[in-house]
Amino acid sequence: MENLKVKVYADGAVLTDMLEAYQTGIIKGFTTNPSLMKKAGIPNYENFAKEVLTHITDYPISFEVFSDDFDVMEQEAEKINSWGDNVYIKIPITNSLGESSIPLIKKLSSKGMKLNITAILTLDQVRETVDAFAPGTNNVVSVFAGRIADSGVDPIPTMKEAARICAEKKGTELLWASPRELLNIFQAEECGCAIITCSPDILKKLPNVGKDLEQISLQTVKMFNKDIQALGYSII
């Protein structure tokens with residue numbers, strides 16, 4: 001893992017999980033989103049964000065706008081931007097009506113805000129997004145490789161081309177979003193992604209990297225045996 005160039009970000013909205021990941025020394029940044037906050041039962045978005053930022057001051061962390069209206073999104077972005085120098089503002093590539101966020105991205109980027117454009121799945125969206133960033137700004141392009149794979153399409157060619165497009169503008173980093181397995185970290189590295197964001201479930205698998213497969217096989221059998229004993233199953 002120490003030889004990888006791709007940066008591993010922790011994805012989640014549970015403060016204890018975030019701080020545990022922070023302490024590992026492996027994590028180089030953090031991402032959150034409204035769905036994760038709903039799952040975590042966060043009662044107040046701003047209070048949660050500001051609490052997180054009292055603990056995490058030296059790594060990038062992305063907080064997403066909530067509105068579906070672009071004018072309100074802009075106001076939310078201004079507020080989120082005031083929370084800290086390490087904050088990136090997540091903007092979805094479209095609103096729920098399918099209307100493009102590109103004009104808003106251009107406007108926010110022209111003000112020097114650090115943006116993380118999310119829910120991207122196509123190369124056309126990557127191209128439009130990168131072109132919208134103002135020169136000299138730092139931004140993240142989050143391509144949902146896992147959701148591409150969920151559609152039955154191999155995401156690797158898309159991610160490789162997305163990395164090439166992102167490299168055209170200095171300060172733009174490609175993020176492999178929605179990974180489904182630990183292997184995706186190494187695939188993201190191969191594709192030239194700058195970042196991959198991982199859930200706690202995937203991060204817990206990091207100790208398996210480099211482990212002997214026969215050892216994993218034995219551990220699996222032991223797990224089966226433990227569950228059999230706990231359940232009291234019997235065939236004869």
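Structure first, text after, so check above.
Residues numbered from 1 in each chain as written. Predicted model: local features only at pLDDT ≥ 70, side-chain atom pairs only at ≥ 80, totals over all residues. Heavy atoms only, no water.

Visitor: Go over the pairing of strand S8 (residues 195-198) with me, naming the residues and quoting the values.
Guide: Sheet faces and side chains relate simply in a regular strand, where the side chains alternate between the two faces. Residues Ile195 and Thr197 of S8 are buried on one face, and the alternating residues Ile196 and Cys198, pointing to the opposite face, are buried as well. With four bridges connecting them, strand S1 (residues 7-11) and S8 associate as parallel partners. Across the sheet, residue Lys7 finds its bridge partner in S8, namely Ile195. Across two bridges, the pairing between strand S7 (residues 172-177) and S8 is parallel. Directly across from Leu175, in S8, lies its bridge partner Ile195. In this view, the connection linking S7 to its parallel neighbour S8 by way of helix H9 (residues 183-191) has right-handed handedness. (Buried < 20%, exposed > 50% of the residue type's maximum accessible area, 1.4 Å probe, protein only. Helix = DSSP H or I, 4+ residues; strand = E, 2+ residues; numbered from the N terminus. Pairing = 2+ DSSP bridges. Right-handed = clockwise from strand over helix to strand, strands pointing away.)

Visitor: Could you give an account of the packing of helix H8 (residues 156-166) against H9, with specific residues and numbers?
Guide: The geometry of H8 relative to H9 is characterised by a closest axis approach of 9 Å and an angle of 45° between their N-to-C directions. If you check the angle between H8 and H9, you find them oblique. As for how H8 packs across H9, the hand of that crossing is right-handed. The residues of H9 that touch H8, namely those facing Ile156, Met159, Lys160 and Ala163, are Gln187, Glu190 and Cys191. In terms of residue class, the contact of H8 with H9 is made up of four nonpolar, one polar and two charged. (Axes fitted to C-alpha atoms, helices over the stretch in contact; angles between N-to-C directions. Parallel < 35°, antiparallel > 145°, perpendicular 65-115°, else oblique. Left-handed = near helix turned anticlockwise from the far one by under 90°. Contact = heavy atoms within 4.5 Å. Nonpolar A, V, L, I, M, F, W, Y, C, P; charged D, E, K, R; others polar.)

Visitor: I'd like a rundown of the packing of aromatic side chains, residues and numbers included.
Guide: Scanning the entire structure with this criterion turns up six aromatic pairs. Judged by centre distance (5.8 Å) and plane angle (75°), the rings of Phe63 and Trp83 are edge-to-face. Of this pair, Phe63 sits in strand S3 (residues 61-64) while Trp83 is found in the loop between helix H4 (70-81) and strand S4 (87-92), placing the two residues 20 residues apart along the sequence. Like Trp83, Phe63 is buried. One aromatic cluster in this structure is built from Tyr45, Phe63, Phe66 and Trp83. (Phe/Tyr/Trp six-rings, centres within 6.5 Å; stacked < 30°, edge-to-face > 60°.)

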